Each structure stands twice: as structure tokens, then as C-alpha cells.
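# Residue-level structure breakdown
This is what each chain is made of:
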Amino acid sequence: MQDPDLLSEAEAVRLHAYAPYSNFPVGAALLAEDGSLHHGCNVENASYPAGLCAERVALGAAVARGARRFIAIAIAGPPGVAISPCGICRQVLSEFSPDGTLRVIARDAAGTPRATTIVELLPGAFGPAQLGHS
């Protein structure tokens, strides 16, 4: 699956976001190594810390279906706004990309697709190796 296709998937699922507090709907499409595609959208809550980011919803859905290795994730927010995973999502995504090569695709404020890797977004991430679990 190409980056534009993955972004289209994220943009489509963004429409299902539950974001009554921020009015900032986000969608995510996560491509697993086996070719399966997993979707997520943000789910807010009146108790703000209980809300879930789109990236973690997609990752949870993927793990529940048995996926553990991922190639890329696309994230889509409202048009005209640059978006990037929050710090918590960066940490969680890095757990499933021990080599740091997970591609992270999103649009900048001008709408141009940009790609980076999780290690570029979170260099020196804390993970299983630091806990003695490799």
C-alpha cells in the first residue's frame, strides 16, 4: 500500500472520531507487516485523561487481531492543520518498531504528505531492551 492510499484510509476513518471536546477529529491507518490494515480514530471523554488517540486505538485493534510488526502508520487530522503523534503515541508505537523503521505519514499544514520514521520522532526511546526483555 502506498502512502497516499494509507492517508486516504486515515482520512476516511477520521470521520468516525468522537471529539466533542476538542473538535479535533483524528484518524489513523496502521499497515502491518502481513499486509493487514488496522484503523483507529480518537475517542475523547469528559475526563480528559481517559481519552484515546487514534494511533493507540489502531494499534490496540491490530494487537487484538494478532499483529505485532508494522510497516507504516498514516495519521489524518482536520484539513489545513499539521499533525504528528503525541509523545505517548510515539512511545507506544516505538514498542512495536524495535528497529525504529516504522514509517509515520501525515500531511503538513499545506496538505503535503510528509513521511518520517518513529526513531526520528523519538530518538533513544525506552523499550523492552532497557527492561531486559528483548
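As shown above, the structure is provided for reference.
Attention in this report is confined to the structure presented alongside it. Please read all numbers here as calculations on a predicted model, not as lab measurements.

Conventions adopted
Residues numbered from 1 in each chain as written. Predicted model: local features only at pLDDT ≥ 70, side-chain atom pairs only at ≥ 80, totals over all residues. Heavy atoms only, no water. Salt bridge = Lys/Arg side-chain N within 4 Å of Asp/Glu carboxyl O. Helix = DSSP H or I, 4+ residues; strand = E, 2+ residues; numbered from the N terminus. Buried < 20%, exposed > 50% of the residue type's maximum accessible area, 1.4 Å probe, protein only. 1 Å grid on protein atoms, 1.4 Å probe; cavity = no way out; pocket = protein on both sides within 12 Å on 5 of 7 lines; lining within 4 Å. Points joined across faces, edges and corners; volume = space filled by probe spheres on them. Core = buried A, V, L, I, M, F, W, Y, C linked by side-chain atoms within 4.5 Å. Contact = heavy atoms within 4.5 Å. Pairing = 2+ DSSP bridges. Axes fitted to C-alpha atoms, helices over the stretch in contact; angles between N-to-C directions. Arc of directions from axis to C-beta.

### Observations concerning the pattern of salt bridges
Within the structure shown, the criterion is met by four salt bridges. Measuring nitrogen to oxygen at the nearest pair gives 2.6 Å for the salt bridge that ties Arg107 to Glu11. Of the two residues, Arg107 is situated in strand β4 (residues 103-107) and Glu11 in helix α1 (residues 3-14); the sequence distance between them amounts to 96 residues. What makes Glu11 partly exposed here is its relative accessible area of 22%. One salt bridge in this structure joins Asp108 and Arg114, with 3.0 Å as the shortest N-O distance.

### Quick look at the layout of surface pockets
It is the rolling of a water-molecule-sized probe over the atoms that shows where space remains empty. One number sums up the size of the second largest pocket: a volume of about 220 Å³. If you go around the second largest pocket, you meet 15 residues; those closest to its centre are Phe24, Val26, Asn42, Cys53 and Ala54.

### Considering the nonpolar core
Counting residues in hydrophobic clusters, the biggest one holds 19 residues, and the most contacted among them are Leu30, Phe70, Ile73, Ile75, Leu102 and Val104. Counting only elements with at least two residues in this core, the list comes to β1 (27-32), α2 (54-64), β3 (70-76), β4 and α4 (118-121). Ranked by residue count, the leading element in this core is α2, at four residues. Aside from chain neighbours lying at most four places away, what touches Ile73 is Leu6, Ala28, Ala29, Leu30, Glu55, Leu93, Leu102, Arg103, Val104 and Ile105.

### Considerations on the environment of Arg69
Relative to the helices and strands, Arg69 is located in the loop between α2 and β3. Overall, the relative accessible area of 37% leaves Arg69 in the partly exposed class. Taking the C-alpha atoms as reference, Arg69 lies 21 Å from Ser84; in sequence the two are 15 residues apart. If near-sequence neighbours (up to four positions away) are discounted, Arg69 is found in contact with Ala32, Glu33, Pro98 and Asp99.

### Here's the deal with the sheet that holds β3
If you trace the five strands from one edge of the open sheet to the other, you get β2-β1-β3-β4-β5, paired in mixed fashion. With one partner strand each, in any of the chains shown, β2 (37-41) and β5 (113-117) form the two edges of the open sheet. In this sheet, adjacent strand axes meet at a mean angle of 20 degrees when their direction is disregarded. Relative to β2, β1 is paired through five bridges, and the arrangement is antiparallel. Of the residues in β2, the one forming a bridge with Gly27 is Cys41. Lying on the sheet, α2 is in contact with β1, β2 and β3; it crosses β2 at an angle near 140 degrees.

### Let's talk about helix α3 (residues 87-95)
Listed as buried for α3 are Cys89, Arg90, Leu93 and Ser94. Here the buried residues of α3 occupy an arc of 135 degrees about the axis, which is enough to place them on one side. Of the surrounding secondary structure, the elements contacted by the buried residues of α3 are α2, β3 and α4.

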